[in-house]
Structure formats: structure tokens, C-alpha cells
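Topology and contacts: notes
So you can see what is in the structure, the chains are spelled out below.
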Amino acid sequence: MSFDEMLPVIFMALMGLSMLTYVVLDGYDLGVGMLMPRATDAQKDVMVASIGPFWDANETWLVLGVGLLLIAFPKAHGVVLTALYLPVTFMLIGLILRGVAFDFRVKARDVHKRWWNHAFIAGSALAAVSQGWMLGHYITGLKTGWQYDVFAGAIAIALPAAYVLLGACWLIMKTEGELQEHAVRWAKLAWWPMVIGMALISLATPWVSASVRERWFSMPEIIALLPIPLTTVAALLAARAMLNSQRVLGKLCWVPFMLVVAVFVLGFFGLAYSIFPYVVMDRMTLWQAASSPAALKVILIGTCISVPAIAGYTVFAYRVFSGKAGELRYA
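Overview of the structure. (Residues numbered from 1 in each chain as written. Predicted model: local features only at pLDDT ≥ 70, side-chain atom pairs only at ≥ 80, totals over all residues. Heavy atoms only, no water.)

**Some details on a nonpolar patch on the surface**
Rule in force here: Here, patches come from residues exposed beyond 30% relative accessible area and free of salt bridges, joined within 9 Å for like charges and within 5 Å for nonpolar side chains (Val, Leu, Ile, Met, Phe, Trp, Tyr). Each accessible area is a Shrake-Rupley estimate made with a 1.4 Å probe; only the visible protein chains count as cover when residues are assessed. Definition used for salt bridges: Asp or Glu carboxyl oxygen within 4 Å of a side-chain nitrogen of Lys or Arg. Secondary structure counts use DSSP, requiring at least four H or I residues in a row for a helix and at least two E residues in a row for a strand, with both numbered from the N terminus. Here's how the labels work: a residue is buried when its accessible area is under 20% of the maximum for its type, exposed when over 50%, partly exposed in between, all with a 1.4 Å probe on protein chains only.
On the surface, Met1, Phe3, Met6, Phe276 and Trp287 cluster together into a nonpolar patch covering about 530 Å² of accessible area. Tracing the backbone through its elements, the reader meets Met1 in the segment before helix H1 (3-35). By relative accessible area, Met1 is classed as exposed at 65%.

Spelled out as C-alpha cells, the structure:
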């Protein structure tokens, strides 16, 4: 394969990496937002403080992923956003609502603060549900029909549950005392919906997509794919075992979060395996959707500058603000 033929693969890998990073990083803070109804007012402040230094950097990866789709695969960008116009709009409304509520909740009077808390919670839930709905329709190639809507609806329920589990594990890692103990209980409650949702979606996906069914159950591909579900099950069981252990409140508080992140990563590899070489399932391959090789070479120069810069900023932010979350402060 020539370099010109490899360029679409390179950009697809970069776009996939961007979206995976976004789902993991913004997933936990969306999960924290959806957990806020269960917390006291003081605990809400600590929960917001735990995500405060990071959430802007997390959402940068979404901008990068969508930007790569637009400039590297403009034909696919038009098809995807045309089909998913409404859920994209709802997701953006949710993200905007979160951003506004994040800044205003601390500056509002006590009588108004609870309304901004409600806005933060609603924005988190709306963004998570919208992302699940979009993912469900994307997997099925943006096909229309009741069975595809039911499938997308199932993912629209399962993905927020996964975010809640990820957010609870983040709080276990970033908080102490009573809130940390509450986070362990929240994680245990969220573990079952995530596991059941993943199992049902895994069973339904081959039913709604003939291409995925062929990829999953043909030989020898099934043998190569088998380690992904087996490792996923092992990671979920290990996370549950850690949640049942008192050691999760001590130095091993980071383990459940990393195990759940591993589940997300494994799910990403399973999805990538299932859809490659399509950008839009069964409709448009990488090479059909890509910009011209000359354009991609120019875009690659900018990507080689922007992606390391975003990654470096993200790593720097997480390193500077590592450790337990403290009292919420605004300058």
C-alpha cells in the first residue's frame, strides 16, 4: 500500500483515537454530573471541583475528532451530520448547558444555585443520551426503521450507565471520606446496568447489522476477536471485586477507574474491528470518503502540530491537578 493509500487509514486512526479519548475523559465528568442528585450540597461542590480543572481539556478531543471528520472525510461528514442532525443539536445543547451551569452555579445566590445544579445535571444527561443514540445509529450505518431506533435507544440508555460507573470510579479515586464511600456504593449500583446493557447490545448488534454478524462469526476471525470479550468480562469482574474490597478506599482507589477505562478501550477496538474499512457502515469506505491525497498531506502537517499540542496540554493538566480534589475555589 502506497503512502497516498495509507493517508486515509492514518486519519481514521487519529479520528478514532480522538473520539476514544473524548469518550473516556469527558465520559467520567458527564457521569459525575449525572451522579450529583445523589449528593449533598457540600458534596456537589467537591464533585464539581474534582472535574473542574479537566473538563475543558476533555471536550477539546471532541472538537478534534469532529474536525478531522470534516477536513479528512468531508463526504462522510455530510452524510453523518445530515442523518444525526437532531441528536447532535441536543448534545451541543447539553454541553453548552453544562458549561454555563458550571460557571454560574458558584456565583449564584443559594436560592438560585440549586437551579444551576439542575441545569448541570440535565446537561450531563442530555449529552450522554444523545451520544448513545448517535452511536447506535452509526453502528447500523444510519439505517432507518423501528429495529434500528430500538437498538439506538438501548445504547442511549447503556452509555449513560457506563458514564455513571466511570464517574463513580473517578470520584473513588479523587475524593476521600464519606463522599468516597458514597461513590463506591454508586459504582456498585451502576455496575449492573452497564454489564446488562453491554450484554444485550452485544447480542443485538449482529442482529441489526449483517456486516457485523459476518465479521464476528466467520472463521478464523472469530478466534482473533475472542480475546476482546473475554478480557472485557475479566476487567468488569475485577472492577466489581475491587469495589467489594475495603482496599478501594486506600492506595488502590485508582484500580476500578483504570479497569473501567480498559473496558471502554476494548469496546473501541471491537467497534473498530467491526466497521473497518468503512467510515459509514456499508455505505462509504475510507478511500471513498477521503479528501484528495494532496489535501490530506497538507492537513497532516497541521495535525502533526495540533494533536501533540492537545495531548501535551491534557497530560500537563492531569499531572498538575493530580491527587485528591479539594475545596471548590473560583478566582
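**Overview of the nonpolar core**
The test is simple: What is meant by a nonpolar core is a set of buried Ala, Val, Leu, Ile, Met, Phe, Trp, Tyr and Cys residues, joined one to another through side-chain atoms within 4.5 Å. Contacts are assigned to residue pairs that have any heavy atoms within 4.5 Å of one another.
The biggest cluster of nonpolar side chains holds 93 residues, and the ones touching the most others in it are Phe11, Met47, Phe73, Trp170 and Trp186. No other element matches the 13 residues that H1 contributes to this core. For Phe11, the contacting residues outside a window of four places in its chain are Leu68, Ala72, Phe73, Leu296, Ile299, Leu300 and Thr303. Membership of the second largest hydrophobic core comes to 7 residues, among which are Tyr148, Ile155, Ile201 and Val208.

**Examining the packing of aromatic side chains**
Stated formally: To pair, rings of Phe, Tyr and Trp, with the six-membered ring standing in for Trp, must have centres within 6.5 Å; the planes then decide the type, stacked if under 30 degrees apart, edge-to-face if over 60, and tilted in the middle.
A complete count under the given rule lists 12 aromatic pairs for this structure. Aromatic pair Phe54 and Trp170: ring centres 5.6 Å apart, planes at 90°, arrangement edge-to-face. In this pair, Phe54 sits in the loop between helix H2 (41-51) and helix H3 (55-72) while Trp170 sits in helix H7 (residues 146-174), placing the two residues 116 residues apart along the sequence. You'll find Phe54 and Trp170 in the same group, each marked buried. Ring plane angle 80° and centroid distance 6.3 Å describe the contact between Trp170 and Tyr318, whose orientation is recorded as edge-to-face.

**Remarks on the environment of Val100**
Along the polypeptide, Val100 turns up in helix H5 (residues 85-104). Residue Val100 is classed as partly exposed on the basis of its relative accessible area of 33%. Taking the C-alpha atoms as reference, Val100 lies 31 Å from Asp149; in sequence the two are 49 residues apart.

**A few points about the state of the cysteines**
Put simply, the rule is: Two cysteine sulfur atoms make up a disulfide if the distance between them is within 2.5 Å.
Per the counting criterion, the structure on display carries 0 disulfides. With no disulfide of its own, Cys169 lies 11 Å from the sulfur of Cys253, the closest cysteine sulfur. Here Cys169 falls in the buried class, since its relative accessible area comes to 1%. Residue class for Cys253 comes out buried when judged on its relative accessible area of 9%.

**Details of the side chain of Thr303**
Inspection of the secondary structure assignment puts Thr303 in helix H14 (residues 293-320). What makes Thr303 buried here is its relative accessible area of 6%. Not counting residues within four places of it along the chain, the set of residues in contact with Thr303 comprises Phe11, Leu14, Leu68 and Pro308.

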